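Given next are the chains, with one letter for each unit.
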Amino acid sequence: MSTALEQAMQDAFQNAGSAQQANKAYLEFIKANFIIPIQKHSQADAPEVLFLQENGQTFLPVFTTDNYLRDWAKDIGDDIQILRLSGVDLLRGIGDEVTICLNIGTTLYKAFNPDEIARMRSIILKFFK
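First things first, this report covers the structure right here in the doc. Every value quoted in this text rests on a predicted model; they were computed, and no experiment measured them.

Within the largest apolar cluster, 25 residues are counted, with the highest numbers of intra-cluster contacts made by F29, I100 and F112. Elements with a contribution of two residues or more to this core: α1 (4–14), α2 (19–31), β1 (33–39), β3 (57–62), α4 (87–93), β5 (98–102) and α5 (114–127). For F29, the residues in contact, after removing those within four places along its chain, are L5, F34, G87, L90, L91, I100, F112 and M120. I35, L50, A73 and I80 belong to the second largest nonpolar core, which has six residues in total.

Structure (structure tokens):
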């Protein structure tokens with residue numbers, strides 16, 4: 001069973017270049033709920049997110065289901081806990097130069113680059129003041 005976000009992403013992948021399909025995927029991202037791995041000993045009021053660094057870029061692994069997270073984290077599962085955030089809260093709290101890596105290791109993997117994140121933030125400002 002796929003989520004509304006996963007379905008919108010599949011539609012956007014199949015219609016590459018379609019602004020309408022991309023915008024629908026962005027809206028579903030904003031409305032979705034996410035599972036984010038954090039350091040095991042993080043404080044509830046100050047979660048330490050697991051950012052990945054490579055070639056000066058920062059990546060944030062984010063998942064739509066517990067199964068996707070478990071599959072990705074099978075080697076580090078004992079060293080993490082999870083944080084659940086809405087798309088709005090995720091976008092409001094993420095840094096400007098971070099790439100969101102959604103559902104790493106799945107057929108629905110998608111990296112949302114900083115420009116796409118900025119676009120989703122502008123949608124939030126327009127609709128979710």
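One open sheet holds the four strands; their spatial order is β2-β3-β5-β6, and the pairing between them is mixed. In this open sheet, the two edge strands, each paired with only one partner strand, are β2 (52–54) and β6 (110–112). In this sheet, neighbouring strand axes are inclined to one another by 30 degrees on average, regardless of whether the strands run parallel or antiparallel. Inspection of the sheet shows β5 paired to β6 by three bridges, in the antiparallel sense. Note that in β6 the partner of I100 across the bridge is F112.

Taking burial as the measure, the seven residues of β1 include five buried ones, the bulk of the element. Two strands pair when backbone bridges link them, and β1 and strand β4 (residues 80–86) are joined in this way by seven bridges, in the antiparallel orientation. Within β4, the position partnered with I38 by the bridge is Q81.

Glancing now at the pattern of salt bridges. Within the structure shown, the criterion is met by four salt bridges. The salt bridge partner of R121 is D96, with a shortest N-O separation of 2.9 Å. Taken together, the positions of R121 in helix α5 and D96 in the loop between α4 and β5 put the pair 25 residues apart, joining distant regions of the chain.

This next bit is on unusual backbone geometry. Phi at N55 takes a positive value of approximately 50 degrees, unusual for a residue other than glycine. Mapped onto the secondary structure, N55 falls in the loop between β2 and β3. You can call N55 exposed: its relative accessible area is 73%. At N103, a residue that is not glycine, the phi angle is positive and equals roughly 55 degrees. Considering the arrangement of structural elements, one finds N103 in the loop between β5 and β6.

Moving on, we get to the layout of surface pockets. Each pocket or cavity is described by its volume, and for the largest pocket that value is around 160 Å³. Surrounding the largest pocket, I36, V49, F51, L60, L83, L85, D89, L90, G93, I94 and G95 form its lining. Residue assignment for the lining of the largest pocket shows that the elements contributing at least two residues are β4 and α4. Examining the composition of the lining of the largest pocket, we find that three residues originate from one element, α4, more than from any other. Split into classes, the residues belonging to the lining of the largest pocket amount to eight nonpolar, two polar and one charged.

Rules used throughout
- Residues numbered from 1 in each chain as written.
- Predicted model: local features only at pLDDT ≥ 70, side-chain atom pairs only at ≥ 80, totals over all residues.
- Heavy atoms only, no water.
- Core = buried A, V, L, I, M, F, W, Y, C linked by side-chain atoms within 4.5 Å.
- Buried < 20%, exposed > 50% of the residue type's maximum accessible area, 1.4 Å probe, protein only.
- Helix = DSSP H or I, 4+ residues; strand = E, 2+ residues; numbered from the N terminus.
- Contact = heavy atoms within 4.5 Å.
- Pairing = 2+ DSSP bridges.
- Axes fitted to C-alpha atoms, helices over the stretch in contact; angles between N-to-C directions.
- Salt bridge = Lys/Arg side-chain N within 4 Å of Asp/Glu carboxyl O.
- 1 Å grid on protein atoms, 1.4 Å probe; cavity = no way out; pocket = protein on both sides within 12 Å on 5 of 7 lines; lining within 4 Å.
- Points joined across faces, edges and corners; volume = space filled by probe spheres on them.
- Nonpolar A, V, L, I, M, F, W, Y, C, P; charged D, E, K, R; others polar.

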